[in-house]
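So you can see what is in the structure, the chains are spelled out below.
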Amino acid sequence: MTHYLIGRDNFLRRLLRPLLLIIFYFALACLLTWPLIQQISTHLPAGTDTLLHYWNGWWMWQALAAGESPYFTPYLFHPNGLSMVYNNFALLHILGFGLLRPLLSAVAAYNLVYLFNLALCGLSAFWLAKTLTGDNSAALIAGVIYQAWPHRLTQPDHPNLMSTWPIPLFLLFLYRTTQTKRWRDAILTGLLFALVGYMRWQLLIPAVLMGGIFLLFLLWGKLDKQVLVRLLAAGLIGIIFLLPPILLFIQTWQAAPTEFILEGEELRMQTDLAAYLTPPADHSFFSRITEPLYARYYPDRGSRSGFSPYLGVIALGLALIGIFKSPRRQMLPWLVMAIVLLLLALGPTLRVMGVQVTAVPMLYSLAGEFFIVRLLREPDRFNMFLALPMALLAAYGLLALRQFAWWQRCRKPLAAGLAVLVVLDYLVIPFPLQAAAVSSIFNDLAQESDQLALLNIPVDPYKSKPYMFAQVTHQHPILQGHSSRYPQGAFAYLESQPWLFAMLQFDQIPPKFPDVSRQLADLAAEDIGYLVVNKMLIEPGYWADWRDYLIINPLYADETVDVYTTMPQAGVDFDFEVEMLPGMGIVKLLPATTCVNPGAVWAVDVAWGTAVPLTQDLAVKLELVNETGTVYRTENFPVSAWPASEWPQNGLTWGYYALTVPADVVPGVYQVELSLHSIDGTIDTKERIEIPITISAEICENGMLPGTADPVNLSFGDEIKLLGFATRQTDDALELTLYWQGAQHMAADYKLFVHLFDATTGVMAAQYDAMPREWSYPTSYWPPGKLIDDKVLVSLDGIGNGRYYLAVGLYNPLSGERLPVIDAAGQPIPDNRPILRTIELDR
């Protein structure tokens, strides 16, 4: 009985230590991600990739439950579906997510696995360091550094970076295989290597690199046959278990080898040398200092500029002690590993404080000749794996402190204090979170038995991660989707439909196709039942334009989405404001302005609808009439570019009309009368729509410039006027705001050029070339009479001091011809390039 109790006590003591370690590292994970644990069922880690990975978990288990391959989904890019071979599946996270979903809400399951994987990172590094150093304090520090590594925690939406715990375990059992020569260790080495590949196949690249360096030092001068056989067996086991993804990779590589690398990524996603000594941009204590520094280091990265490679003061200090005070054979593999990973992370050219230093030869340029290295795509990603050699060097540094008596006297509290300082040095809390909520309409759609697809607007597939997140709730196919690399033909359907292709091109603004119901009917024929306008992804000035353009009333609207049917019905989804003919009338009438100047163009857009099919072609008459009934101008137009004789029941279309006001008309109050008649003259409606307008000799409010603008009144052809401009100059850039006004409806999409050239020599110093508003508002969309502001940023980098001219112009990109320019006095501008002002640079 005594032996039994002693054995039980020993067992409980052996169980208690790992249990306490798990609790410690899980508590640390909760601290590092605070307040995630507090909002575990309502919020997710911030970032759109979180939404993608959440969808990945849902789809993987959905496919497996249905006995389907998860590497093709019919839920994305309806009606063709999408190959998911290129997609980044965080399989370790997905496994835990699926196992917990029956027990918890999906959001809580995702977050709990996220936290547990982060805790396992610390635990696995502890186990490796404990095995190598034999010291609990050194192992504790190693685990904390590896777990709290800034490059991991500054990418909250990448759960595969929270799941790198198999790499320390792989190196641990690789070490044990060489030391014990046991088959069990060799088998586990192979299995853990395969597990790294299933975590994300690209992570095999650093795992092989780190394992190779470690193995080289382990076997140097003492290789024997038994160890070699077991290592070969471990490699064979790893390859066997990785065979399915290897074959899948080979298949996709043969189909599209260029899809695995994007040119330009390596330069943009390299590491700035100064960032290794700069705390994270969102650091809990230093963000006011560090955020502008990271913006300087990475001006070309956008939202990814905050990925921090910070080494840490405490970790770096301990690592340096480890390098100089530890036995060379112990620390050397980790030092070599750290140097190689750091040099690779620096990328193909050296970047220091945001400046490219091209004269320095870089290891990545040499290693990049080996295609396997470039498959990681972004040199910056090597920083993630720098965490492990840094953690081990720091562990050896802490171990070296044992030689000091003062350390021995207070070893445990000092080690604990250093661990706390490491956490404070790395800390980025509050951890960025986002609400895990979708519009309630998606819950209603989930109850529908028909699996009609949804077209999300904006159409751009690169914005589709929120759409995929909502799909987990409504479970209807969508026309977009995201993959790490899109396979060839993914966009085929979107590009084959002119209406959808126009949405792809201009993203934010509605297309100019007038035949709305015909376009909706084409979608309905492909089992696309709904349009979802996502207001949070559309600039505030544009989502109301979508509501106008689609004509019909939304089925559902809240602050985030408007949902429309693709099968609208008269009397249900739209009503006539005025019935012009039996079963046919005006649904919306949108004058461009209520004030116009003599000689200018006044425009009105009219949405027509039908409750019955039409058989005759119709025309619209516009008449400018004064208060006494005198007609000053009459113009006739086809009712729409879509002939009325083709309008079906429940048809909806736009008519765009523009009336030129006579230049000699007396200013005053007028009205435009709109009437309808048939082309053959058999129908002439008595119904007249009266639209009041004011003709003013003064500048109308819609043409008034801000007080800060300089008026110029330039005419570009007979289509566009430049009313004025404003400039704001800094040392680095010139901000130019142009105030345009369309003189009529335009068929062409003109491009703007801005030239900054030397006032003496005429040599070009800087230029800008794009469609208005950075390609987002083409001139064919401009309503006549509307004042349109267009901001342009011209970089002054590399331009010397001196006197320069600032000039602008418009040209047709199809012909290359510039629009002729006339000044306010009616004189032509030479070269059709008016000079707006002189710019003096003296910096």
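In what follows, the structure referred to is the one given above.
Residues numbered from 1 in each chain as written. Predicted model: local features only at pLDDT ≥ 70, side-chain atom pairs only at ≥ 80, totals over all residues. Heavy atoms only, no water.

Caption draft 1: Examining the pairing of strand β11 (residues 578–581) more closely. Summarising the sheet, β11 and strand β12 (residues 584–591) pair through 3 bridges and their orientation is antiparallel. By the bridge assignment for β12, L581 is matched with M584. Hairpin connection from β11 to β12: 2 residues lie between these consecutive antiparallel strands, with G583 at a positive phi of about 80 degrees. (Pairing = 2+ DSSP bridges. Helix = DSSP H or I, 4+ residues; strand = E, 2+ residues; numbered from the N terminus.)

Caption draft 2: Region of the structure containing the sheet that holds strand β15 (residues 618–626). A sheet is described by the order of its strands in space; here 5 strands give the open sequence β13-β19-β18-β15-β16, paired in mixed fashion. Pairing within the sheet leaves two strands with one partner each, and these edge strands are β13 (595–596) and β16 (631–638). Here β13 pairs with strand β19 (residues 689–695) via 2 bridges, running parallel. For V596, the partnering residue across the bridge sits in β19 and is I695.

Caption draft 3: Focus on the side chain of H482. Looking at the secondary structure, you find H482 in the loop between α22 (465–474) and α23 (492–496). A residue is classified by how much of its surface remains accessible, and H482, at 13% relative accessible area, is buried. Residue contacts for H482: discarding those within four places in its chain leaves L52, L76, M84, N87, S464, K465 and M468. (Buried < 20%, exposed > 50% of the residue type's maximum accessible area, 1.4 Å probe, protein only. Contact = heavy atoms within 4.5 Å.)

Caption draft 4: Structural detail: the state of the cysteines. Using the criterion set out here, one finds 1 disulfide in the structure. Disulfide partner of C595: C700, at an S-S distance of 2.0 Å. Residues C595 and C700 share a disulfide whose torsion about the S-S bond is about -70 degrees; that sign makes it left-handed. Here the residue C595 occupies a position in strand β13, and C700 occupies one in the loop between β19 and β20 (710–716), the gap between them amounting to 105 residues. C30 takes part in no disulfide bond, and the closest cysteine sulfur to it belongs to C121, at a distance of 14 Å. Here C30 falls in the buried class, since its relative accessible area comes to 12%. (Disulfide = S-S within 2.5 Å.)

Caption draft 5: Region of interest: the pattern of salt bridges. The final tally for this structure, using the stated rule, is 21 salt bridges. In this structure, the salt-bridge partner of K465 is D49, at a minimum N-O distance of 2.3 Å. In this pair, K465 sits in helix α22 while D49 sits in helix α2 (residues 48–65), placing the two residues 416 residues apart along the sequence. Under the relative-accessibility criterion, K465 is labelled buried at 10%. In this structure, D562 and K535 form a salt bridge, with 3.1 Å as the shortest nitrogen-oxygen distance. (Salt bridge = Lys/Arg side-chain N within 4 Å of Asp/Glu carboxyl O.)

Caption draft 6: Region of the structure containing the sheet that holds strand β25 (residues 787–795). Reading across from one edge, β25-β22-β21-β20-β27 is the order of the 5 strands in this open sheet, with antiparallel pairing throughout. The open sheet has two edge strands, β25 and β27 (821–822), and neither has a second partner.

Caption draft 7: A look at the packing of aromatic side chains. Here the structure, examined in full by the defined rule, presents 41 aromatic pairs. Taking 5.3 Å as the distance between ring centres and 80 degrees as the angle between the ring planes, the aromatic pair formed by W58 and Y75 counts as edge-to-face. Taken together, the residues W58 in helix α2 and Y75 in the loop between β2 (72–73) and β3 (82–83) connect sequence positions 17 residues apart. In terms of burial, W58 and Y75 fall into one category: buried. (Phe/Tyr/Trp six-rings, centres within 6.5 Å; stacked < 30°, edge-to-face > 60°.)

Caption draft 8: Main features of helix α8 (residues 183–199). In this model, α8 (17 residues) spans 24 Å end to end at C-alpha, consistent with the 24 Å of a helix rising 1.5 Å per residue. Of the residues making up α8, those classed as buried are D185, A186, T189, G190, L192, F193, A194, V196, G197 and M199. (Expected span 1.5 Å × (residues − 1).)

Caption draft 9: Region of interest: the environment of W201. With respect to the element layout, W201 can be found in the loop between α8 and α9 (204–219). Taking the relative accessible area as the measure of exposure, W201 reaches 33% and is therefore partly exposed.

Caption draft 10: Region of the structure containing a negative patch on the surface. On the surface, D444, E448, D450, D522, E526 and D527 cluster together into a negatively charged patch. Overall, the relative accessible area of 32% leaves E526 in the partly exposed class. (Patch = residues over 30% accessible without salt bridge, like charges linked within 9 Å, V, L, I, M, F, W, Y side chains within 5 Å. Areas by Shrake-Rupley, 256 points an atom, 1.4 Å probe, with all protein chains shown as cover. Lys, Arg positive; Asp, Glu negative; His and termini not counted. Charge placed at Lys NZ, Arg CZ, Asp CG, Glu CD.)

Caption draft 11: Inspection of the pairing of strand β21 (residues 720–729) at higher detail. Here β20 runs beside β21; their pairing, made up of 5 bridges, is antiparallel. What sits directly across from L714, in β21, is L722. Where β20 folds back onto β21 in an antiparallel hairpin, the turn is made up of 3 residues, including G717, whose phi is positive at roughly 60 degrees. Summarising the sheet, β21 and strand β22 (residues 733–742) pair through 9 bridges and their orientation is antiparallel. Following the sheet pairing, T727 is matched in β22 by L736. The loop that links β21 with its antiparallel partner β22 comprises 3 residues.

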